[in-house]
Amino acid sequence: MLKIASVVGARPQFIKIAPLCREFSKKDNVKHIIIHTGQHYDYEMSKIFFDELGIPEPDYHLDMGSGTHGYQTGEILKKIEDVLIKEKPDWVLVYGDTNSTLASALATVKLYPKGKSRISYGAGIPVAHIEAGLRSYNKKMPEEINRVLTDHISTILFCPTKTAAANLKKEGFKNFINDGDLVKSQKTPSPSMGEGWGEGEYSAISTTYIPLPSVPSRQGRGNLTFYETINNGELINSLSTQSPIAGYLW
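Sequence order sets the numbering: in each chain, residues are counted from 1 along the sequence as written. pLDDT decides what is reported in this predicted model: residues at 70 or higher carry local features, side-chain atom pairs at 80 or more are listed and counted, and totals for whole chains, interfaces and linings draw on all residues regardless. Only hydrogens and water are removed before side-chain values are computed, so all heavy atoms of the structure are retained for them.

1. Quick word on the pattern of salt bridges
For this document, the term salt bridge refers to a Lys or Arg side-chain nitrogen within 4 Å of an Asp or Glu carboxyl oxygen. All chains considered together, the criterion is met by eleven salt bridges. Notably, a salt bridge pairs Arg135 with Glu171, separated by 2.8 Å at the nearest N-O pair. Of the two residues, Arg135 is situated in the loop between strand E5 (127-130) and helix H5 (142-153) and Glu171 in the loop between helix H6 (162-170) and strand E7 (176-178); the sequence distance between them amounts to 36 residues. Relative accessible area decides the class of each residue, using a 1.4 Å probe on protein chains only: under 20% of the type maximum gives buried, over 50% gives exposed, and in between gives partly exposed. The exposure class assigned to Arg135 is buried, which follows from its relative accessible area of 14%. In this structure, a network of salt bridges that share partners links the residues Lys47, Asp51 and Glu57. A run of H or I in DSSP counts as a helix once it spans at least four residues, and a run of E counts as a strand once it spans at least two, with each numbered from the N terminus.

As structure tokens, then:
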């Protein structure tokens, strides 16, 4: 039995884990454990995504809550290590670029993998970084620090776009995988939409639903250059070939 632990804690990570939960549930030889750090914790930022996307209840909730970057990172490091020592997963999946991402990856790679004689500092439990390779090249962004460091300590890197893969190749990485189709993966219907939603490839997206991209970046608010960069980017261009863009959530 392959034991995989997913660590999530923020809204974008809940969206990313949903299709994986559906796939893992089809595998008799996979045990999937969900660890929720609690970085996002109120209903509108957390529970609603579990309810609407059909994500199973977390097996562990670390109840980290709000705080400074140092506080959040330190609390997750301490609390998740206890869970990893108890569960001894074969792989740990981390998502995106939050404090939960970096702290979980760091705690994981400093523990011996399953099957070793003890759990202590060592070769590390393998870590897969989902949404690797994204870069703003702006180190004033905490997320940039998180994503770069997580890429460097992860065992395998899953890139959401060809641009992300190119970034990693330019930086000398060789342990990355890319299919360049993040958009397709995000068009998987939510269970709450009911049966028949996705009949015909992307039919509901192209005829009924209009994409409304969310761009949660402090750097983007009121910044026309940033807006134009996003609007002309790879992801938005791919979306707009299916339906017109309705607008943006900043």
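2. Observations concerning the sheet that holds strand E1 (residues 2-8)
A pair of strands counts as paired when DSSP detects no fewer than two bridges linking them. Taking strand neighbours across the sheet as the criterion, the seven strands line up as E3-E2-E1-E4-E5-E6-E7 in an open arrangement whose pairing is parallel. Unpaired on one side and paired on the other, strand E3 (60-61) and E7 mark the two borders of the sheet. Inspection of the sheet shows E1 paired to strand E4 (residues 91-95) by four bridges, in the parallel sense. Bridged to Ile4 within E4 is Trp91.

3. Overview of the nonpolar core
Note on terminology: a nonpolar core comprises buried Ala, Val, Leu, Ile, Met, Phe, Trp, Tyr and Cys residues joined through side-chain atoms within 4.5 Å. Among the nonpolar cores identified, the biggest contains 20 residues, and Ile35, Ile80 and Val92 are the most heavily contacted of them. Listed by contribution, the elements that provide at least two residues to this core are E1, strand E2 (30-36), helix H3 (69-87), E4 and helix H4 (99-109).

4. Details of the packing of H3 against H4
Geometry is summarised by axes, namely lines fitted to C-alpha atoms with helices restricted to the contacting stretch, and by angles between N-to-C directions that run from 0 to 180 degrees. Where H3 meets H4, the closest approach of the two axes is 8 Å, and the angle between their N-to-C directions is 45 degrees. Here H4 runs oblique to H3, going by the angle between their axes. Like other packed secondary-structure pairs, H3 and H4 cross with a definite hand, here right-handed. Contacts between H3 and H4 involve His69, Gln72, Thr73, Ile76, Leu77, Ile80 and Leu84 on the former and, on the latter, Asn99, Ser100, Ala103, Ser104, Leu106, Ala107 and Thr108. Its residues assigned to classes, the contact of H3 with H4 comprises seven nonpolar, seven polar and no charged. Any angle that is under 35 degrees is reported as roughly parallel, and any over 145 degrees as roughly antiparallel; angles of 65 to 115 degrees are reported as roughly perpendicular and all others as oblique. Each crossing is labelled by how the near helix is turned from the far one, with a counterclockwise turn of less than a right angle marking it left-handed and a clockwise turn marking it right-handed. Between two residues, a contact is recorded if the distance between any of their heavy atoms is within 4.5 Å. Each residue is assigned to one class: nonpolar for Ala, Val, Leu, Ile, Met, Phe, Trp, Tyr, Cys and Pro, charged for Asp, Glu, Lys and Arg, and polar for all the others, Gly among them.

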